[in-house]
Amino acid sequence: MHQKPPPLLQATALCKKYGPFSALHQVDLSIDKGDIYGIVGLSGAGKSTLLRCLAGLISPTSGDILFQGCPLSSFRKGDMRRLRFKMGMIFQHFNLLSSRTVAGNIAYPLEIAGVDKEQQEKRIDELLQLVGLSSKKHLFPARLSGGEKQRVAIARALANHPDILFCDEAASALDPKTTQEILDLLLAIHQKLGLTIVLITHDMGVIKRICHKVAVIEAGQI
């Protein structure tokens, strides 16, 4: 009998406190490789805190996060840095560097990872084709629409071939038509790359459109 592999990402009895305030309380989650996993909740429910814990950007007060069965708390600093290359993240407000072109923004994580210039150029062109922005390569973010900025942010998040893509309200700053286009792009990327996607939103329409599984968070609890 084949043993089932561990979940790609798992939270066990996760708690996060800020002083007396409990942002997360005893959260258990299990995200398998290839899932499009939605976490839905109202503003202030704890979903952004949960996403940041899952991505290793903040540490829980108690409980643990396991990546491929290994607790993040056991990772040394160098291991954690390498693990972050396996995790891409896109944000509600894009977080692009205004002083860099589209190509420069996508190159940024490649530079940090020590990828040589020739490989950077090759990867940038691949990603621009994937997100449908080849003609915008040398433009600065100020000349892009909101949907185009989010496409650049998605390309940047994919630069280092991550295993998992975290989406923090990735479509909520966009108009309805552009939101559908970005969700369709995420679906296409998932199908092409087999990427695991964890998506937080307050919009059940987003969940219905692309998610395989969903957790509802309220007052820091699933």
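As a reminder, the structure under discussion sits directly above these lines.
Residues numbered from 1 in each chain as written. Predicted model: local features only at pLDDT ≥ 70, side-chain atom pairs only at ≥ 80, totals over all residues. Heavy atoms only, no water.

Further remarks concern the packing of helix α4 (residues 117-131) against helix α5 (residues 146-158). The geometry of α4 relative to α5 is characterised by a closest axis approach of 9 Å and an angle of 135° between their N-to-C directions. In terms of orientation, α4 lies oblique with respect to α5. As for how α4 packs across α5, the hand of that crossing is right-handed. Together, R123, L127, L130 and V131 of α4 and R151, I154, A155 and L158 of α5 make up the contact between the two elements. The residue makeup of the contact of α4 with α5, split by class, is six nonpolar, no polar and two charged. (Axes fitted to C-alpha atoms, helices over the stretch in contact; angles between N-to-C directions. Helix = DSSP H or I, 4+ residues; strand = E, 2+ residues; numbered from the N terminus. Parallel < 35°, antiparallel > 145°, perpendicular 65-115°, else oblique. Left-handed = near helix turned anticlockwise from the far one by under 90°. Contact = heavy atoms within 4.5 Å. Nonpolar A, V, L, I, M, F, W, Y, C, P; charged D, E, K, R; others polar.)

A separate point is the environment of L29. Structurally, L29 can be placed in strand β2 (residues 21-31). Sequence separation between L29 and L14 is 15 residues, and the spatial gap between their C-alpha atoms is 9.0 Å.

Bringing unusual backbone geometry into the picture now. One non-glycine residue with positive phi stands out, namely Q68, at about 50°. By secondary structure assignment, the location of Q68 is in the loop between β4 (62-67) and β5 (70-71).

For helix α3 (residues 102-112), the tally of buried residues reaches eight of 11 residues, placing the bulk of the element in the interior. Turning to α3, its buried residues number three or more, namely V102, A103, G104, N105, I106, A107, P109 and L110. On the buried face of α3, the contacting elements are α4 and α5. (Buried < 20%, exposed > 50% of the residue type's maximum accessible area, 1.4 Å probe, protein only.)

Along the chain, the position of G132 falls in the loop between α4 and α5. A sequence separation of 23 residues divides G132 from A155, and the C-alpha atoms of the two residues are 9.9 Å apart.

Turning our attention to the nonpolar core. Counting 40 residues, the largest nonpolar core has I90, I106, I154, L165, C167, L186 and L199 as its most contacted members. Elements with a contribution of two residues or more to this core: β3 (36-40), α3, α4, α5, β7 (164-168), α6 (176-193), β8 (196-201) and α7 (204-210). With residues up to four places along the chain from it excluded, the contact list for I90 reads Q150, A153, I154, A157, L165, F166, C167, D168, A170 and L186. Membership of the second largest hydrophobic core comes to 29 residues, among which are I31, F67, L72 and A215. (Core = buried A, V, L, I, M, F, W, Y, C linked by side-chain atoms within 4.5 Å.)

With that out of the way, let us pick up the environment of H212. Mapped onto the fold, H212 is located in the loop between α7 and β9 (213-216). On the basis of relative accessible area, H212 is assigned to the partly exposed category, the value being 49%. Between the C-alpha atoms of H212 and A142, which are 70 residues apart in sequence, the distance is 35 Å. When residues no more than four places from it in sequence are discounted, the contact partners of H212 are G34, D35, I36 and H190.

By themselves these figures say nothing about function.
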